2 protein chains.
Amino acid sequence: MKKLINKPEDFIRENLEGMAAAHPDFIKVNYEPAFVYRADAPIQGKVAIISGGGSGHEPMHAGFVGMGMLDAACPGEVFTSPTPDQMLEAAKRVDGGAGILCIVKNYSGDVMNFEMATELARSEGIRVLNILIDDDVAVKDSLYTQGRRGVGTTVLAEKICGAAAQQGYDLQKIADLCRFVNINGRSMGMALTSCTVPARMTPTFELGDREIEMGIGIHGEPGRQRKSLTSADEITEMLALSIIEDSPYTRTVREWDEEQGEWMDVELIDPLFQQGDRVLAFVNSMGGTPISELYIIYRKLAEICEKKGLQIVRNLIGPYITSLDMQGCSITLLKLDDELIRLWDAPVKTPSLQWGV
Amino acid sequence: MKKLINKPEDFIRENLEGMAAAHPDFIKVNYEPAFVYRADAPIQGKVAIISGGGSGHEPMHAGFVGMGMLDAACPGEVFTSPTPDQMLEAAKRVDGGAGILCIVKNYSGDVMNFEMATELARSEGIRVLNILIDDDVAVKDSLYTQGRRGVGTTVLAEKICGAAAQQGYDLQKIADLCRFVNINGRSMGMALTSCTVPARMTPTFELGDREIEMGIGIHGEPGRQRKSLTSADEITEMLALSIIEDSPYTRTVREWDEEQGEWMDVELIDPLFQQGDRVLAFVNSMGGTPISELYIIYRKLAEICEKKGLQIVRNLIGPYITSLDMQGCSITLLKLDDELIRLWDAPVKTPSLQWGV
């Protein structure tokens, strides 16, 4: 395997140094501990949005820091949760007095470390709420996960909640919004090839010359099944129908209850997709798949949605939540209402997502 | 090799169908002959900008059709020039009475077919000027090229000339501007892996497990040298110094002379980069290289430019002119003046490049 890197141990720092050099008007980088934050933070009176997770999914999350999206992103080592001190220091840097929403992908390490960071921040007088994203319909539990994994809906939640924060929503309202986005978003991915972690330089998993992995995780975790390579149309159909025809999904998540001052169990149930729903269709590259192939996937997805009575009213097509150099794609469908559409359309200016300004 | 495609012979059409389905607000697609055009074309009184070339370099060119950039793009078969009838029909569709500038990458087939299309359009009363892009410092002549190949500067020329057209520049002024961008832009690329053309499904060229190709062409044409894999920093240095320390480059190109009513030879000389120059730095993925690695390249490029006294005042980082699934990158430096900066910053709204709106 070959990569454009220097020493593997410098991969993340040098990536951040490159971002800092490229986008001084959007972002700044703190290196010890590592986090990327809005150049104009803290913004007094605005709820701050923080996300983070293992590196290797670029541009998520650091590429989404900026006006109308994240206030800070905390990158862990490759495919490894960031540590609580990263989130704590980021929270202190971007807190504008209106509280902080942490958008957390449902992986055990991330969940635990964000909860610890939340408690540390609270002990320093900063209001923090955490909302989990667990949108991957592929598997119930996984290598690093209790319950479903958090994948593509994370990008959409960061955009929508970032817009809400920019427009002055308060912390509780943004937390409710983020939970609403999560239960209305569902995703599934697939891999043509493995990814290769820089520190190892051997493929994370083996996949035959004519094999694909359906339901792949963004760290190369096993999916639902290994299949023979088939057409883009059949792959799209398998992904899209897994999402659209998914059963009701009920789970209990831990969220901080501000009134009670303690962690409470909250039961979440995803609504089903129904004829007439308006959706955002997100076709994502796993990193190594070029955009020409994504449009071939989108073509079939649009046809399937039309047949199923789902109206695609917004879309996002490109590499946004990746798995290093993995070839493959994922599909996310998010049920939209007028408020989500308005927030999706709102101006955003980050290194990797920009419109309206 | 595995790809997300259906039948290889449907690759381009299905890619276009996906684009049409995804971006009906930006673009429309004509299939026989194939071209992508602005949904709001023709725009009366505005110069129209057309580009095109072989497919396989997505998002270039179709992803750059829209407000502030291209009026139409003509995709050929993969790595194969479009035919004159594509350009002619596109010209007729987007002509708003103020003439058409064709931005042509310097490959023999493209040059010949765009010249033929120009003559056909003129015979139908449409004013057309062609400007060549030949910015690749890697090799003097190449597999498909007399003189230098046209690569990354094409993207920048399309953005800048598109903005000029949007702002009401006349045809001659835009042609002069495009020529100016071309002589002020220089590029070089490299490959970690080959690309694979869908119709063949075997790599276009062989590259060993520890080998890289410096100066690769965007169709996999041989570059300057094959080397052992080295660090991102050394690769960046080789690319950047090849560009910055390039000798003066003189060549004669054919351009249509409207006053004389015939093709004339024009001598072009590229100015050298000099201390104090302001530049746009463009770090491009060949398709399979993720953005994390591009930032590692950018980091070193910024350091080299600073040492050389070049001030990076704008940048573009991502997959914009690709070679299917090839892993690797290219660097383009474009010397900027106030006018180019203003036009670069102007609003653009296309499927793959968007800001300011």
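Residues numbered from 1 in each chain as written. Chains lettered and ligands numbered in written order. Predicted model: local features only at pLDDT ≥ 70, side-chain atom pairs only at ≥ 80, totals over all residues. Heavy atoms only, no water.

### A short note on the layout of surface pockets
Right, on to step 1. Each pocket or cavity is described by its volume, and for the second largest pocket that value is around 870 Å³.
Right, on to step 2. Of the residues in the lining of the second largest pocket, the class split is ten nonpolar, nine polar and eight charged. (1 Å grid on protein atoms, 1.4 Å probe; cavity = no way out; pocket = protein on both sides within 12 Å on 5 of 7 lines; lining within 4 Å. Points joined across faces, edges and corners; volume = space filled by probe spheres on them. Nonpolar A, V, L, I, M, F, W, Y, C, P; charged D, E, K, R; others polar.)

### A few points about the relation of the copies chain A and chain B
Right, on to step 1. Laying chain A over chain B is done by rotating through 180° and shifting 0.0 Å along the axis; what remains is an RMSD of 0.0 Å. When the rotation and shift are considered jointly, the pair of chain copies conforms to a two-fold rotation axis. Identified as the residue of chain A closest to the rotation axis by C-alpha distance is Gly288 of chain A, at 2.0 Å.
Right, on to step 2. Mapped onto chain B, 100% of the interface residues of chain A again fall at the interface, so both copies present the same surface. (Least-squares fit on C-alpha atoms with pLDDT ≥ 70 in both. Contact = heavy atoms within 4.5 Å.)

### Details of the pairing of strand E6 (residues 128–133) of chain A
All names here are of chain A.
Right, on to step 1. For E6, the tally of buried residues reaches six of six residues, placing the bulk of the element in the interior.
Right, on to step 2. Side-chain alternation along E6 places Val128, Asn130 and Leu132 on one buried face and Leu129, Ile131 and Ile133 on a second face that is also buried.
Right, on to step 3. As for the winding sense of the linkage, the β-α-β connection from strand E5 (residues 100–105) through helix H3 (residues 108–123) to E6 is right-handed. (Buried < 20%, exposed > 50% of the residue type's maximum accessible area, 1.4 Å probe, protein only. Helix = DSSP H or I, 4+ residues; strand = E, 2+ residues; numbered from the N terminus. Right-handed = clockwise from strand over helix to strand, strands pointing away.)

### Considerations on the sheet that holds strand E4 (residues 72–78) of chain B
Whenever strands of a sheet pair, they do so through backbone hydrogen bonds, lying parallel or antiparallel.
All names here are of chain B.
Right, on to step 1. As summarised here, the arrangement of the six strands in space is E1-E2-E4-E3-E5-E6, forming an open sheet in which the pairing is mixed. The sheet is open, and its two edges are formed by strand E1 (27–30) and strand E6 (128–133), each paired on a single side. Within the sheet, the average angular offset between the axes of one strand and its neighbour, ignoring direction, is 20°.
Right, on to step 2. Where strand E5 (residues 100–105) lies against E6, six bridges are found, and the strand directions are parallel. Note on E6: the bridge partner recorded for Ile100 is Val128.
Right, on to step 3. Sheet contacts for helix H2 (residues 84–94): E1, strand E2 (35–38), strand E3 (48–55), E4 and E5; angle to E4, the most-contacted strand, approximately 160°.
Right, on to step 4. Running over the sheet, helix H3 (residues 108–123) touches E3, E5 and E6 and is turned about 170° from E6. (Pairing = 2+ DSSP bridges. Axes fitted to C-alpha atoms, helices over the stretch in contact; angles between N-to-C directions.)

### Comments concerning the interface of chain A and chain B
Right, on to step 1. On the side of chain B, 55 residues touch chain A, which itself brings 55 residues to the contact.
Right, on to step 2. When the buried surface of chain A facing chain B is broken down by residue, Lys2, Leu4 and Tyr295 of chain A rank first, second and third, together holding 21% of it.
Right, on to step 3. Applying the counting criterion to the chain A and chain B interface returns four salt bridges.
Right, on to step 4. Glu17 of chain B is the partner of Arg299 of chain A in a salt bridge, and the nearest nitrogen-oxygen pair spans 2.6 Å.
Right, on to step 5. Taken together, the links from chain A to chain B amount to 24 residue pairs in polar contact (both at pLDDT 80 or more).
Right, on to step 6. Listed by contribution, the elements that provide at least two residues to the side of chain A that touches chain B are helix H1 (11–22), helix H6 (232–244), helix H7 (291–307), strand E13 (311–318), strand E14 (328–336) and strand E16 (354–355) of chain A.
Right, on to step 7. Here the residues of the side of chain A that touches chain B sort into 27 nonpolar, 16 polar and twelve charged. (Buried area = accessible area lost by both parts, 1.4 Å probe. Salt bridge = Lys/Arg side-chain N within 4 Å of Asp/Glu carboxyl O. Polar contact = N/O pair within 3.5 Å; in protein donor to acceptor, adjacent residues only side chain to side chain.)

### Structural notes on the environment of Leu16 of chain A
Right, on to step 1. Within the secondary structure, Leu16 of chain A is located in helix H1.
Right, on to step 2. Excluding residues that lie within four positions of it along the chain, Leu16 of chain A makes contacts with Val29, Tyr31, Ala34, Val36 and Pro75 of chain A.

### What about the packing of helix H4 (residues 153–166) of chain A against helix H5 (residues 171–184) of chain A?
Residue and element names in this part refer to chain A.
Right, on to step 1. Where H4 contacts H5, the axes come no closer than 9 Å and their chain directions differ by 155°. One element, H4, and the other, H5, form an angle in the roughly antiparallel class. The crossing of H4 and H5 is right-handed. Contacts from Thr153, Ala157, Ile160, Cys161, Ala164 and Ala165 of H4 reach H5 at Ile174, Leu177, Cys178, Val181 and Asn182.
Right, on to step 2. Counted by class, the contact of H4 with H5 contains nine nonpolar, two polar and no charged residues. (Parallel < 35°, antiparallel > 145°, perpendicular 65-115°, else oblique. Left-handed = near helix turned anticlockwise from the far one by under 90°.)

### Observations regarding the domain arrangement of chain A
Residue and element names in this part refer to chain A.
Right, on to step 1. Each domain of chain A was delimited in the assignment, giving domain 1 (11–184 + 248–271 + 338–355) and domain 2 (188–244 + 274–336).
Right, on to step 2. Facing 36 residues of domain 1, the contacting portion of domain 2 comprises 32 residues.
Right, on to step 3. Overall, the association of domain 1 and domain 2 removes approximately 2900 Å² of surface from exposure, summing both partners, and the carbon and sulfur fraction of that is 68%.
Right, on to step 4. Ranking the residues of domain 1 by area buried against domain 2 places Phe79, Val137 and Ile341 at the top, with a combined share of 19%.
Right, on to step 5. Remark: the boundary between domain 1 and domain 2 carries two salt bridges.
Right, on to step 6. Here Arg278 and Asp338 are joined by a salt bridge, their closest N and O atoms 2.9 Å apart.
Right, on to step 7. Applying the counting criterion to the domain 1 and domain 2 interface returns twelve residue pairs in polar contact (both at pLDDT 80 or more).
Right, on to step 8. Among the elements that line the side of domain 1 that touches domain 2, the one with the most residues is helix H8 (residues 338–345), at five residues.
Right, on to step 9. For the side of domain 1 that touches domain 2, the class distribution of residues is 22 nonpolar, eight polar and six charged. (Domains from an automatic or database assignment.)

### Here we look at the side chain of Lys159 of chain B
Residues and elements named next belong to chain B.
Right, on to step 1. Checked against the element boundaries, Lys159 lands in helix H4 (residues 153–166).
Right, on to step 2. Separated by 3.2 Å, the side chain of Lys159 and the backbone oxygen of Trp344 make a polar contact.
Right, on to step 3. Residue contacts for Lys159: discarding those within four places in its chain leaves Gly68, Met69, Leu343, Trp344, Ala346, Pro347, Val348, Leu353 and Trp355.

### Focus on the packing of H1 of chain A against helix H7 (residues 291–307) of chain B
Right, on to step 1. At a minimum axis distance of 7 Å, the contact between H1 of chain A and H7 of chain B shows a crossing angle of 65°. Relative to H7 of chain B, the crossing made by H1 of chain A is left-handed. Taken together, the residues of H7 of chain B that come into contact with H1 of chain A (itself represented by Phe11, Glu14, Asn15, Glu17, Gly18, Met19, Ala21 and Ala22 of chain A) are Ser292, Tyr295, Ile296, Tyr298, Arg299 and Ala302 of chain B.

### Thoughts on the pattern of salt bridges
Residues and elements named next belong to chain B.
Right, on to step 1. Following the criterion strictly, the structure yields 60 salt bridges over all chains and no others.
Right, on to step 2. Put simply, Asp40 and Arg38 hold a salt bridge, and the shortest N to O gap is 2.8 Å.
Right, on to step 3. Across the salt bridge formed by Glu258 and Arg127, the nearest N and O atoms sit 2.4 Å from each other. Linking Glu258 in the loop between strand E10 (250–257) and strand E11 (262–269) with Arg127 in the loop between H3 and E6, this pair joins segments that are 131 residues apart in sequence.

### A closer look at the environment of Arg122 of chain B
All names here are of chain B.
Right, on to step 1. Note that Arg122 resides in helix H3.
Right, on to step 2. The class of Arg122 is partly exposed, set by a relative accessible area of 22%.
Right, on to step 3. Residues Arg122 and Glu262, 140 residues apart in the sequence, show an inter-C-alpha distance of 11 Å.
Right, on to step 4. Dropping the residues within four chain positions of it, Arg122 is found in contact with Arg127, Val128, Leu129, Trp256 and Glu258.
Right, on to step 5. Of note is the side chain of Arg122, whose polar atom sits 3.2 Å from the side chain of Glu258.

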